[in-house]
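Architecture at a glance
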Amino acid sequence: MKKFNIRKVLDGLTAASSSSSSSATAQPGTPRENDVVQETLQSEHFQLCKTVRHGFPYQPSSMAFDPVQKILAVGTQNGALRLFGRAGVECYCQHESGAAVIQLQFLINEGALVSALADDSIHLWNLRQKIPAILHSLKFNRERITYCHLPFQSKWLYIGTERGNIHIVNVESFTLSGYVIMWNKAIELSTKTHPGPVVHISDNPMDEGKLLIGFECGVVVLWDLKCKKADYRYNHDEAIHSVDWHHEGKQFVCSHSDGTLTTWNVRAPAKPAQIITPHGKQPKDGKKPEPCKPILKVEYKTTRAGDPFHVLSGGLSYDTVGRRACLTVMHGKSTAVLEMDYPIVDFLTLCETPYPNDFQEPYAVVVLLEKDLVVIDLGQIGYPIFENPYPLTIHESPVTCCEYFADCPAELIPALYSVGSRQKRQGYSKKEWPISGGNWGQGTQSYPEIIITGHADGSIKFWDASALMLQVLYKLKTAKVFERARGKEDKPSADIVEEDPFAIQTLSWCPESRMLCVAGVSAHVIAYRFSKQEVTTEEVQLLEVRMQGEFTDGDSPDPGGDQTPTQLTPGASSSPQESEPLAQPPTGSNSSDGPRDNIPCLQVRSSPLKQSPGYQVELVIQLVWVSGEPPQPITSLAINSSYGLVVFGNSSGLAVVDYLQKTLLLNMGTTELYSPSDPYQRQPRSPRKQRQPSGGDSPRLGLILPPLITTFVAPTALGDSNDGSNTSEDRCKSPTSGKPPYRYKQIRQILNNILFKCCHLSCRISVSSFSHFVLPSCCPDAKDNSFTRSRSSSVTSIDRESREAISAFHFCESYPRKNDSQIGPCVLVGTTQGSVMMVALSLPPGGDQRLQQPVGISSCGTLVSLKGGILTMALLDSTGALLPPSYEPWYDPNASDEEKEKTRRRRPASPPSSQEGPESQFAVLCSEKQAKVVAMPSHTRIYKHNITESSFVLRADVVQMAGANCIACFCANGHIMTLRNHQHMILHDHYNYYQS
């Protein structure tokens with residue numbers, strides 16, 4: 001049972017207690033918090049409460065339906081109760097005992113529900129109030145409850161027990177009536193054996209004074225309640241699982257453990273009127289058919305116009321080993337076997353009338369599966385299913401990535417719904433969803449909220465979370481961009497993931513511009529634009545990137561001449577302005593006698609791609625194999641529509657791509673972001689040997705940045721060719737050239753392959769249903785003797801000892817260098833070793849010049865260092881207001897040029913820096929262990945807080961609450977903490993744990 005322990009840390013903490021967990025004091029000479037930003041958030045502003053529960057009920061066990069109110073109730077094995085009505089009507093309740101719900105019974109059209117639990121208790125729920133609550137409870141101490149029955153418009157609840165007795169409860173007072181039907185009186189006195197538990201109770205549709213009782217052994221008794229005696233007894237050799245009446249009350253049907261159905265006439269108890277085996281093979285010699293699996297449940301429903309329906313679960317032949325669970329619908333001479341994706345827990349046939357003594361007129365069957373809810377239309381040929389309006393398909397494919405966005409533009413949700421409504425899948429019933437009860441209530445939130453989930457099959461779903469119920473707005477399938485292997489023999493040999501090669505690793509979304517960028521496990525990045533018009537793309541734009549973070553002996557190119565100190569070899573790439581055209585696929589090698597090189601993990605489709613309204617591919621970026629080593633998983637990703645840039649990183653380094661010009665701007669190793677004089681510089685820990693310069697060779701460059709800031713300039717266009725002015729003496733090999741410029745040792749190849757497989761195995765097993773962060777393995781860090789972890793798509797903790805991966809990006813407009821006076825476009829880069837570095841951007845003017853002139857990039861060194869990997873970064877102005885990244889308002893890329901120009905204009909992130917005071921911005925940084933606030937542009941640390949020592953932060957963000965900003969953290973030990981941005985006092989600490 002889940003319990004909560006709320007712990008608040010108030011303002012009146014003593015200095016001794018606060019100093020043990022936080023060092024909130026500023027450095028000498030720095031202003032105090034009261035002089036910097038006026039804090040308004042207090043501990044009293046935070047109160048954690050449950051709002052809604054999304055997804056399919058965990059381990060469902062029972063189901064009931066009110067045919068008048070049209071409400072469905074589902075019980076689970078942990079005592080939970082879910083109520084479903086029309087789309088948007090959903091309620092969650094919980095039994096305190098946590099015992100499994102074995103049966104549910106509605107008081108039809110009365111707004112009440114009876115639940116029977118595995119702990120032998122029954123409860124009466126009042127559903128007429130806003131929050132359903134239990135009115136009465138009754139506990140059985142000496143007998144175990146096995147079956148319950150509540151007749152329509154009756155006040156008597158019949159309860160069967162494991163001993164074979166039946167007790168009668170008055171529903172109004174919820175007390176036992178004293179009337180007990182003893183098993184030894186129900187069966188024949190001459191019978192010496194116990195009949196077993198009660199498996200069925202029902203009243204005769206034409207006479208509620210006659211009760212039909214089914215015992216497990218195969219005995220059925222028709223009991224006269226007034227005379228207190230058995231009218232008829234029906235004996236069969238096979239055990240009974242369920243019984244159902246014909247509406248006239250003259251016949252009933254029993255399902256048995258040998259896969260047979262027996263039909264009995266009430267007044268002819270000697271033998272069944274009919275015995276059939278729906279799935280049994282009929283022998284030609286007239287013998288009994290071979291036994292089948294038990295028919296667990298049967299329902300017998302009549303119609304005025306034609307033959308009755310028999311709906312049953314189970315009963316398949318024993319030779320159907322491995323066949324999925326099936327629901328069988330028998331109507332006249334036709335028998336339809338409907339395969340289900342998961343085992344069947346229960347099913348109910350929905351009928352037009354609640355009265356049992358009238359023609360039932362069934363129109364649908366609700367099937368409760370272990371992981372799904374299916375409703376079948378009995379009124380259409382082929383029995384199609386209804387399209388489910390509930391958000392139960394969150395895990396239709398396992399969730400591998402999840403992001404939440406609040407305060408989205410008001411027109412965004414209608415736009416997504418408009419294109420999503422056209423994605424109606426074929427084959428569904430054309431009728432309305434039959435579970436249509438209740439009134440749809442709006443949530444208390446007045447702002448639009450969107451949740452985006454990435455899945456293992458490469459799909460992305462947009463959910464409207466503004467109300468109390470999730471609603472699917474739009475679904476995007478990223479796998480359409482790639483060629484699909486038809487069989488194992490067609491599977492690309494460059495695949496690095498055997499299962500789910502299209503799984504979403506991480507994503508970045510700009511709600512204002514509607515630009516979307518996703519990264520997959522096969523080291524690919526796809527940029528999407530949103531359009532309301534359908535378009536056919538003749539050829540998908542492709543950019544292949546060769547990322548190699550460190551060099552080894554014999555791998556660096558021979559300079560062959562004098563090198564200037566400012567010449568830089570960023571990673572395994574050349575300077576992009578000197579590179580060969582990136583639009584052309586490189587000549588890769590994948591021969592059996594050599595290592596794979598320059599080949600991507602997936603093959604982009606070569607045929608024209610028809611793109612429906614919604615998100616359409618703008619650019620595909622793929623990392624390629626390098627000297628037999630697969631590309632490392634992408635650990636961080638960001639897109640900015642105002643700058644037209646995509647930045648992504650992994651354990652090899654980072655890359656910056658201009659998606660407007662379709663060019664690679666920067667490709668460099670993580671260690672090269674540090675300058676030689678950087679106090680936070682970390683030398684590579686790779687076991688590879690360094691090549692020593694010999695003879696007249698110049699020292700090898702590229703491990704670290706030179707002292708001077710180097711600017712990188714992009715090519716002017718997608719197809720620019722090299723003019724031949726640069727020779728091999730003053731440039732490295734192109735990242736797309738056929739021959740790799742550097743080669744790894746074979747031992748490193750084997751090690752990295754093992755680590756890569758371990759990483760994907762960890763991601764596959766550990767991804768939770770709510771978040772895309774993983775609880776990875778831990779190892780002691782050599783620097784601070786604390787624990788380091790890999791998150792989700794990051795490399796394993798073993799590999800982190802030798803590779804510093806990129807863990808976070810943040811586009812902003814800030815001061816690129818220390819003590820600068822002018823604000824400019826920048827990218828904050830965070831690493832898994834806790835370093836935060838600044839990269840400055842130089843953007844050309846807008847319009848046509850933006851598409852023709854190059855973008856400049858320069859690394860500005862380290863801003864600050866924290867303990868643990870960087871999780872989130874944000875900027876505040878001098879008043880403490882959050883400075884969001886700049887963006888370009890959305891425009892339809894397929895619209896006319898005039899309409900584009902009307903809407904295309906850049907939105908600055910912040911006003912020009914005209915604020916008084918020495919510090920006009922504050923950088924808020926949070927890692928797995930710490931949170932810091934740094935003043936800009938002086939780079940002075942204002943505050944520091946050690947969030948946790950024994951655990952680590954899984955996810956953090958700077959959020960706005962009650963008009964102020966704070967840092968919200970979710971820790972691996974279950975704590976949810978909120979911290980002030982400037983004072984870094986713990987405002988709220990919530991801890992929840994589970995107790996079995």
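Residues numbered from 1 in each chain as written. Predicted model: local features only at pLDDT ≥ 70, side-chain atom pairs only at ≥ 80, totals over all residues. Heavy atoms only, no water.

**Points about the overall build of the protein chain**
A tally of regular secondary structure across the protein chain gives 8 helices and 59 strands. Put simply, the protein chain has 996 residues, and 56% of those count as buried. Long-range pairs, those at least 24 residues apart, make up 59% of the contacts in the protein chain with a sequence separation of at least 6. Of the roughly 44200 Å² of accessible surface on the protein chain, 50% is carried by carbon and sulfur atoms. (Helix = DSSP H or I, 4+ residues; strand = E, 2+ residues; numbered from the N terminus. Buried < 20%, exposed > 50% of the residue type's maximum accessible area, 1.4 Å probe, protein only. Contact = heavy atoms within 4.5 Å. Areas by Shrake-Rupley, 256 points an atom, 1.4 Å probe, with all protein chains shown as cover.)

**Points about the pairing of strand 43 (residues 653-658)**
Counting buried residues along strand 43, 6 of its 6 residues qualify, which places the element largely inside the surrounding structure. What you see with strand 43 is no split at all: Gly-653, Ala-655 and Val-657 on one side and Leu-654, Val-656 and Asp-658 on the other are buried throughout. Bridge count between strand 42 (residues 645-650) and strand 43: 6 bridges; the pairing is antiparallel. What sits directly across from Val-646, in strand 43, is Val-657. Between the antiparallel neighbours strand 42 and strand 43 lie 2 residues. Here strand 43 hands over to strand 44 (residues 663-668) after 4 residues, with Lys-662 in that stretch at a positive phi of 60°. (Pairing = 2+ DSSP bridges.)

**Observations regarding the sheet that holds strand 28 (residues 362-369)**
With antiparallel pairing, the 3 strands of this open sheet are ordered in space as 27-28-29. In the strand order of this sheet, the two ends are held by strand 27 (344-351) and strand 29 (373-377), each with one partner. Sheet twist, expressed as the average angle between the axes of neighbouring strands with direction ignored, equals 20°. Where strand 27 lies against strand 28, 7 bridges are found, and the strand directions are antiparallel. (Axes fitted to C-alpha atoms, helices over the stretch in contact; angles between N-to-C directions.)

**Looking at the environment of Asp-119**
Along the polypeptide, Asp-119 turns up in the loop between strand 8 (112-117) and strand 9 (121-126). A relative accessible area of 21% means that Asp-119 is categorised as partly exposed. In this structure, the C-alpha to C-alpha distance between Asp-119 and Arg-144, residues 25 residues apart in sequence, is 7.9 Å. Not counting residues up to four positions away in its chain, the partners in contact with Asp-119 are Ser-97, Ala-99 and Lys-139. Of note is the side chain of Asp-119, whose polar atom sits 3.3 Å from the side chain of Ser-97. (Polar contact = N/O pair within 3.5 Å; in protein donor to acceptor, adjacent residues only side chain to side chain.)

**Some details on the environment of Leu-316**
Relative to the helices and strands, Leu-316 resides in the loop between strand 24 (309-314) and strand 25 (326-331). Along the backbone, Leu-316 and Asp-258 are 58 residues apart, and their C-alpha atoms lie at a distance of 9.9 Å. Sequence-distant contacts of Leu-316, defined by excluding residues within four places in its chain, comprise His-279, Cys-292, Lys-293, Arg-323, Arg-324 and Cys-326.

**Comments concerning helix 4 (residues 412-420)**
Every buried residue of helix 4 is accounted for by Leu-412, Ile-413, Ala-415, Leu-416, Val-419 and Gly-420. Seen from one end, helix 4 has its buried residues packed into an arc of 160°, which puts them on one side. Buried positions along helix 4 lie against strand 31 (449-455), strand 32 (459-464), strand 33 (471-477), strand 34 (504-510), strand 36 (524-531) and strand 40 (614-623). (Arc of directions from axis to C-beta.)

**Thoughts on the pattern of salt bridges**
All told, the structure shown has 22 salt bridges when counted by the stated rule. Of the charged contacts in the structure, one is a salt bridge between Lys-229 and Asp-231, with a shortest N-O distance of 3.3 Å. Owing to a relative accessible area of 42%, Lys-229 belongs among the partly exposed residues under this scheme. One salt bridge connects Asp-377 with Lys-431, and the closest N-O pair in it is separated by 3.5 Å. You can see Asp-377 sitting in strand 29 and its partner Lys-431 sitting in the loop between helix 4 and strand 31, a full 54 residues away along the chain. On the basis of relative accessible area, Lys-431 is assigned to the partly exposed category, the value being 41%. Look at the salt bridges and you will find they share partners, linking Asp-207, Lys-210, Lys-229 and Asp-231 into a network. (Salt bridge = Lys/Arg side-chain N within 4 Å of Asp/Glu carboxyl O.)

**A few points about the pairing of strand 30 (residues 399-406)**
In terms of burial, strand 30 is a largely internal element, 6 of the 8 residues being buried. Note that strand 30 and strand 31 share 7 bridges and pair antiparallel. In the sheet register, Cys-401 faces strand 31, and the bridge partner there is Gly-454.

**With respect to the nonpolar core**
One finds Phe-462, Trp-509 and Tyr-615 to be the most contacted residues of the largest nonpolar core, which totals 36 residues. Take this core: its biggest share by element is 5 residues, from helix 4. Those residues in contact with Tyr-615, other than ones at most four positions away along the chain, are Leu-416, Phe-462, Tyr-474, Leu-476, Trp-509, Arg-514, Leu-516, Tyr-528, Arg-529 and Phe-530. (Core = buried A, V, L, I, M, F, W, Y, C linked by side-chain atoms within 4.5 Å.)

**Let's talk about the packing of aromatic side chains**
For the coordinates displayed, the defined rule picks out 17 aromatic pairs. Ring centres 5.7 Å apart and planes at 70° place the aromatic pair Tyr-234 and Trp-264 in the edge-to-face group. Of this pair, Tyr-234 sits in strand 18 (residues 229-235) while Trp-264 is found in strand 21 (residues 261-265), placing the two residues 30 residues apart along the sequence. Comparing Tyr-234 with Trp-264 shows no difference in burial state: the two are buried. Ring pairs connect the aromatic residues Phe-405, Phe-462, Tyr-474, Trp-509, Phe-530, Tyr-615 and Trp-890, which therefore count as one cluster. One residue, Lys-228, lies across the ring of Tyr-179, its end atom 5.1 Å from the ring centre. (Phe/Tyr/Trp six-rings, centres within 6.5 Å; stacked < 30°, edge-to-face > 60°. Lys NZ or Arg CZ within 6 Å of the ring centre and 35° of its normal.)

**What to know about the sheet that holds strand 21**
Taking strand neighbours across the sheet as the criterion, the 4 strands line up as 19-20-21-22 in an open arrangement whose pairing is antiparallel. The sheet terminates laterally at strand 19 (240-245) and strand 22 (274-276), the two strands that pair on one side only. Strand-to-strand twist of the sheet, defined as the mean angle between neighbouring strand axes without regard to direction, takes the value 20°. Here strand 20 (residues 251-256) runs beside strand 21; their pairing, made up of 5 bridges, is antiparallel. Residue pairing in the sheet places Val-253 in a bridge with Thr-263 of strand 21.

**Some words on the UniProt feature "repeat: WD" (unreviewed entry) in the protein chain**
The positions UniProt marks with the feature "repeat: WD" (unreviewed entry) are residues 233-267. Segment residues 233-267 splits into 0% helix and 57% strand. End C-alpha atoms: 10 Å apart. (UniProt positions renumbered as here; feature names shortened; annotations may be inferred.)

**Regarding the confidence of the model for the protein chain**
Within the protein chain, residue pLDDT values average 77, and 71% of them lie at 70 or more. Contacts of residues 1-35 to residues separated by more than four positions or lying in other chains number 64 contacts, the stretch itself having pLDDT below 50. Overall, residues 684-801 carries pLDDT values under 50, and its contacts beyond four positions in sequence, including any with other chains, amount to 303 contacts. (pLDDT = per-residue confidence, 0-100.)

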